[in-house]
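Notes for the structure review
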Amino acid sequence: MLAPVRSLCVYKFRRLTVRMNSPYFTDSTAGLDTYATDSMGKSAVNKGGIRRLRSRMAQGLKSEDDPPKVKSEVQEQSISLQTHAQPPTETVSNCKKTTTKVKEEAVDNQALLTSSRKTRRGRLKVEYEEEGAELKREPCDWRTQLSFIREMRSKRDAPVDQMGAEKCYDTEAPPEVRRYHVLISLMLSSQTKDLVTAGAMQRLREHDLSVDAILNMDEGTLGKLIYPVGFWRTKVKYIKQATALIQQEFGGDIPDTVEGLMRLPGVGPKMAHLAMDIAWNQVSGIGVDTHVHRISNRLGWTRKETKTPEETRRALEEWLPRDLWSEINWLLVGFGQQVCLPVGPLCSVCLNQHTCPAAHRSSPSKKLKSSPASPTPQVKGNVGQEKPSGNRRKGKAGVPPSGQTSVLDSA
């Protein structure tokens, strides 16, 4: 009877020894092991010590059998309980710091992703704008065509080279008088040949062409001097009104701005830009007349066909380099007077016949036109009494002023 009981006690003692040697017990538990072993060997058991030992053993068994997830849940519950129970300030601050740090890292990561996306979108947008913004479209072969025009204009023997606005003013007059001469010659040259304009300017200069002289001159005398320029009756009124405005608002000198020049009656954009270039030596724009307008459309220098010289000016200024604005007028005007004629252009002798879109549409085999041997017109004679062209009948240019006979009447 005692043998089984003894064997059971030995078995329990061994199990207890194994449990006490478990790593879940601390060094302080070793003393308890020794104490429990000695007490049980001596049969002097301390009831309080046995209860504590059993509780520690039970806790050790639970902690050994529970999975890690249960441990973490128990710890989280204990932390939540401590938080609701108003834990110490240091613990709360540490938790807040940790939470804030985690939030800041999340915000930084989100901002990094957003900034990278924005940067990519911005780059795509810039590339799209650069590809789509083709505002300055230069025509094909325009530099070659311009060099050929310079070569064909190298002799400078066109009427505009000898009798243009740059040649009609008095070089010995004061600066303000010379500028006034340039303005009057430009006003007379509208729809008038250079030879007729030069004759009218020479007669005006011999009669005294100045602001005071024009203001003191009656309209009949002025009409006799400028006849037979195109629309001479209308130009008489414009010259008188513009001269009065120059005297009243600009101190006797022509305006030095495009806006001021265009305020004068009878002065348009072409005259204003040419006056700024010739009189004030300032390039403000391209002077586009009928020759520049026609040749630019024939060569394809405009993106689409323009209807007016002002549209042609804006189209040319979009792409033509600014250092060529002053040269392009006299180049194309002389080229239009000699080669690229309004009717029957001489494409067979033009160097641009292979690159001009309008070449050979109507190209009779004619020779290159040249200026007359004596370009300077005579004041007295038939130079200023040419038969007016058909386009001047609207302004009654065929009817000369009183006291003056035309070529048809003399014939």
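Residues numbered from 1 in each chain as written. Predicted model: local features only at pLDDT ≥ 70, side-chain atom pairs only at ≥ 80, totals over all residues. Heavy atoms only, no water.

Now for the overall build of the protein. In terms of regular secondary structure, the protein is built from 18 helices and 0 strands. Expressed as a percentage of its 411 residues, the buried residues of the protein come to 36%. Within the protein, contacts between residues separated by at least 24 positions form 64% of all contacts whose residues are at least 6 apart in sequence. For the protein, the computed accessible surface area is about 26,200 Å², with 53% contributed by carbon and sulfur atoms. (Helix = DSSP H or I, 4+ residues; strand = E, 2+ residues; numbered from the N terminus. Buried < 20%, exposed > 50% of the residue type's maximum accessible area, 1.4 Å probe, protein only. Contact = heavy atoms within 4.5 Å. Areas by Shrake-Rupley, 256 points an atom, 1.4 Å probe, with all protein chains shown as cover.)

The next subject is empty space enclosed by the protein. Enumeration over the complete set of coordinates arrives at 3 cavities of 30 Å³ or more. Looking at the largest cavity, its volume works out to about 140 Å³. In terms of lining, the largest cavity is formed by 15 residues, of which the most central are Phe335, Cys340, Cys347, Cys350 and Cys356. In the lining of the largest cavity, the residues fall into 12 nonpolar, 2 polar and 1 charged. (1 Å grid on protein atoms, 1.4 Å probe; cavity = no way out; pocket = protein on both sides within 12 Å on 5 of 7 lines; lining within 4 Å. Points joined across faces, edges and corners; volume = space filled by probe spheres on them. Nonpolar A, V, L, I, M, F, W, Y, C, P; charged D, E, K, R; others polar.)

We now examine the nonpolar core. Counting 41 residues, the largest nonpolar core has Tyr180, Ile184, Leu188 and Leu204 as its most contacted members. If you list the elements that add at least two residues to this core, you get α8 (175-188), α9 (194-207), α10 (211-216), α11 (219-226), α12 (232-249), α13 (258-262) and α14 (269-278). Beyond its immediate sequence surroundings of up to four residues, isoleucine 184 is in contact with Met201, Leu204, Leu209 and Ile239. (Core = buried A, V, L, I, M, F, W, Y, C linked by side-chain atoms within 4.5 Å.)

Topologically, lysine 240 is positioned in helix α12. With no salt bridge to any partner, buried lysine 240 finds its closest opposite charge in glutamate 219, at an N-O distance of 6.3 Å. Reaching out from lysine 240, the side chain makes a polar contact with the backbone oxygen of isoleucine 214 at a distance of 2.9 Å. Once residues lying within four places of it in the same chain are set aside, the contact partners of lysine 240 are Ile214, Leu215, Met217, Glu219 and Leu222. (Lys, Arg positive; Asp, Glu negative; His and termini not counted. Salt bridge = Lys/Arg side-chain N within 4 Å of Asp/Glu carboxyl O. Polar contact = N/O pair within 3.5 Å; in protein donor to acceptor, adjacent residues only side chain to side chain.)

Our next topic: the pattern of salt bridges. Applying the stated criterion to the full structure yields 7 salt bridges. Measuring nitrogen to oxygen at the nearest pair gives 2.7 Å for the salt bridge that ties arginine 153 to aspartate 161. You'll find arginine 153 and aspartate 161 in the same group, each marked buried. Across the pair arginine 263 and glutamate 249 runs a salt bridge whose closest N-O atoms are separated by 2.5 Å. One end of the pair, arginine 263, is in the loop between α13 and α14; the other, glutamate 249, is in helix α12, with 14 residues separating them in the sequence.

It is worth spelling out the packing of aromatic side chains at this point. One pass over the full model with this rule turns up 3 aromatic pairs. Ring geometry for tyrosine 227 against tryptophan 232: centres 5.7 Å apart, planes inclined by 85°, an arrangement best described as edge-to-face. Taking relative accessible area as the criterion, tyrosine 227 reaches 1% and is therefore assigned buried. You can call tryptophan 232 buried: its relative accessible area is 5%. Taking the centre distance of 5.9 Å and the plane angle of 85° together, the rings of tryptophan 301 and tryptophan 319 count as edge-to-face. Highlighted residues: tryptophan 301 in the loop between α15 (290-299) and α16 (309-319) and tryptophan 319 in helix α16, separated in sequence by 18 residues. (Phe/Tyr/Trp six-rings, centres within 6.5 Å; stacked < 30°, edge-to-face > 60°.)

The next subject is α9. Across its 14 residues, α9 extends 20 Å between first and last C-alpha, which sits within 8% of the 20 Å expected from 1.5 Å per residue. Buried within α9 are the following residues: Asp194, Val196, Thr197, Ala198, Gly199, Ala200, Met201, Arg203 and Leu204. Summarising the contacts, the buried residues of α9 are in contact with α7 (159-163), α8, α11 and α17 (325-338). Positive phi appears at aspartate 208, one or two residues downstream of α9, with a value of about 90°. (Expected span 1.5 Å × (residues − 1).)

Looking at the secondary structure, you find serine 296 in helix α15. Serine 296 gets classed as buried once you look at its relative accessible area, which sits at 0%. Not counting chain neighbours up to four residues away, the residues in contact with serine 296 comprise Trp301, Thr302, Thr312, Leu316 and Leu332.

Of note, the amide linkage connecting tyrosine 227 to proline 228 takes the cis form, showing an omega dihedral of 10°. Mapping proline 228 onto the fold places it in the loop between α11 and α12. Despite not being glycine, arginine 156 shows a phi value in the positive range, around 55°. Within the element layout of this structure, arginine 156 appears in the loop between α6 (142-152) and α7. Backbone geometry at aspartate 208 places phi at a positive 90°, although glycine is not the residue there. Of note, aspartate 208 is situated in the loop between α9 and α10. Taking the relative accessible area as the measure of exposure, aspartate 208 reaches 44% and is therefore partly exposed.

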